[in-house]
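Fold and geometry: a report
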Amino acid sequence: MTEFRSGYVALVGRPNVGKSTIMNHMVGQKISITSRRPQTTRHRIRGIKTDDNAQIVFVDTPGLHAKQPRAMNRYLNRAATDSLKDVDVVVFVVEGTRWHKDDEWVLEKLKHVPCPVIVAINKIDRLEDKEALLPFMQELAGRGDFSAIIPVCARRGDHLDELEKAIHQHLPVSVPFYPEDQVTDRSERFLAAELVREKLFRKLGEEIPYGLTVEIESFKEEKNLLTIHALIWVEKNSQKPIVIGRKGALLKAVGKEAREDMEKTFDRKVFLQLWVKVKEGWADNDRALRSLGYQDN
């Protein structure tokens, strides 16, 4: 009889390499929000996959980046670095055959972790020169003592089964940490805020997403209906009309898409109301960050 294994697996890497997409696909459900914007993930989020042989608790982390000009950037790096503590396996995610200076910075962090490190080379579907993959894998092998180097395409799910097998080999024999039907340790209230933020990130331009956050002001369930009131905080008065859009069009579209995703995620009807408010410089202020839920957990 195969012994049951359980363990924690940190997904780390620079921003926008696909860590959240890997976790969502492995768990089989959207747990972490995704967008093309770097630093979409702002919190450590656990996604739990349980089968007959193992329970893998994935820890999705914010992208590690060398530049830390704002309080928000320092929080993101701290949240990601702290996730390396007390895990059984680290999956270091890189993008294609592009080695970035922030990849090097992440690698320096990983040289001190006591657990096995697996490299996942993501987005291989975008490689124009497929023959460049093998030399890049050989180059990576020379950069560190990795237990495995596995090319994957998280978007399509290609080779993620190989990644899971490699992870499984390093999990300790243990009883599961969570009930078998639980897929995350985060609350519905938290997930609701994240879904609103995802839609905003996907619709807004380059700058504004980093100056906004979402706070759930009210979350009530009555007769299989969730009534959710959410506040969208921006840093400047000039950003407020951009988030609202002409005649409220952008905010309305965000609300519609977020509500539809919530109804799928929570399996209930949802009534969602959104407001936009200004909190000057919140992303540069440690106290404001804590008041808006950016605290280590």
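Source: prediction; values computed, not measured. (Residues numbered from 1 in each chain as written. Predicted model: local features only at pLDDT ≥ 70, side-chain atom pairs only at ≥ 80, totals over all residues. Heavy atoms only, no water.)

Turning our attention to the packing of aromatic side chains. Counted according to the given criterion, the structure contains 3 aromatic pairs. When the ring of F92 is compared with that of W99, the centres are 6.2 Å apart and the planes differ by 75 degrees; the resulting orientation is edge-to-face. Looking at W99, the relative accessible area reads 22%, which means it is partly exposed. The residue whose ring lies beneath R186 is F190, and the NZ or CZ to ring-centre distance is 4.1 Å. R197 extends its terminal NZ or CZ atom over the ring of F201, reaching a point 5.2 Å from the ring centre. (Phe/Tyr/Trp six-rings, centres within 6.5 Å; stacked < 30°, edge-to-face > 60°. Buried < 20%, exposed > 50% of the residue type's maximum accessible area, 1.4 Å probe, protein only. Lys NZ or Arg CZ within 6 Å of the ring centre and 35° of its normal.)

The next point concerns the environment of K130. Position of K130 among the secondary structure elements: in the loop between β5 (117-122) and α4 (133-141). Put simply, K130 and Y294 are 164 residues apart on the chain and 41 Å apart in space, counted from C-alpha to C-alpha. When sequence neighbours within four positions are dropped, the list of residues in contact with K130 reads I124 and D125. Within the structure, K130 has its side chain in polar contact with the backbone oxygen of L127 (distance 3.4 Å). (Helix = DSSP H or I, 4+ residues; strand = E, 2+ residues; numbered from the N terminus. Contact = heavy atoms within 4.5 Å. Polar contact = N/O pair within 3.5 Å; in protein donor to acceptor, adjacent residues only side chain to side chain.)

Our next topic: the pairing of strand β3 (residues 54-60). Of all the 7 residues making up β3, 7 are buried; the element is thus mostly covered by neighbouring parts of the structure. Where strand β1 (residues 5-12) lies against β3, 7 bridges are found, and the strand directions are parallel. What sits directly across from L11, in β3, is D60. Note that strand β2 (residues 45-50) and β3 share 6 bridges and pair antiparallel. Its bridge partner lying in β3, G47 is registered against F58. (Pairing = 2+ DSSP bridges.)

With that settled, consider the packing of helix α1 (residues 19-27) against helix α5 (residues 160-168). Between α1 and α5, the shortest axis-to-axis distance is 11 Å and the interhelical angle comes to 85 degrees. Considered as vectors, α1 and α5 are oriented roughly perpendicular to each other. Residues I22, H25 and M26 of α1 pack against L160, L163, E164 and I167 of α5. In the contact of α1 with α5, the residues fall into 5 nonpolar, 1 polar and 1 charged. (Axes fitted to C-alpha atoms, helices over the stretch in contact; angles between N-to-C directions. Parallel < 35°, antiparallel > 145°, perpendicular 65-115°, else oblique. Nonpolar A, V, L, I, M, F, W, Y, C, P; charged D, E, K, R; others polar.)

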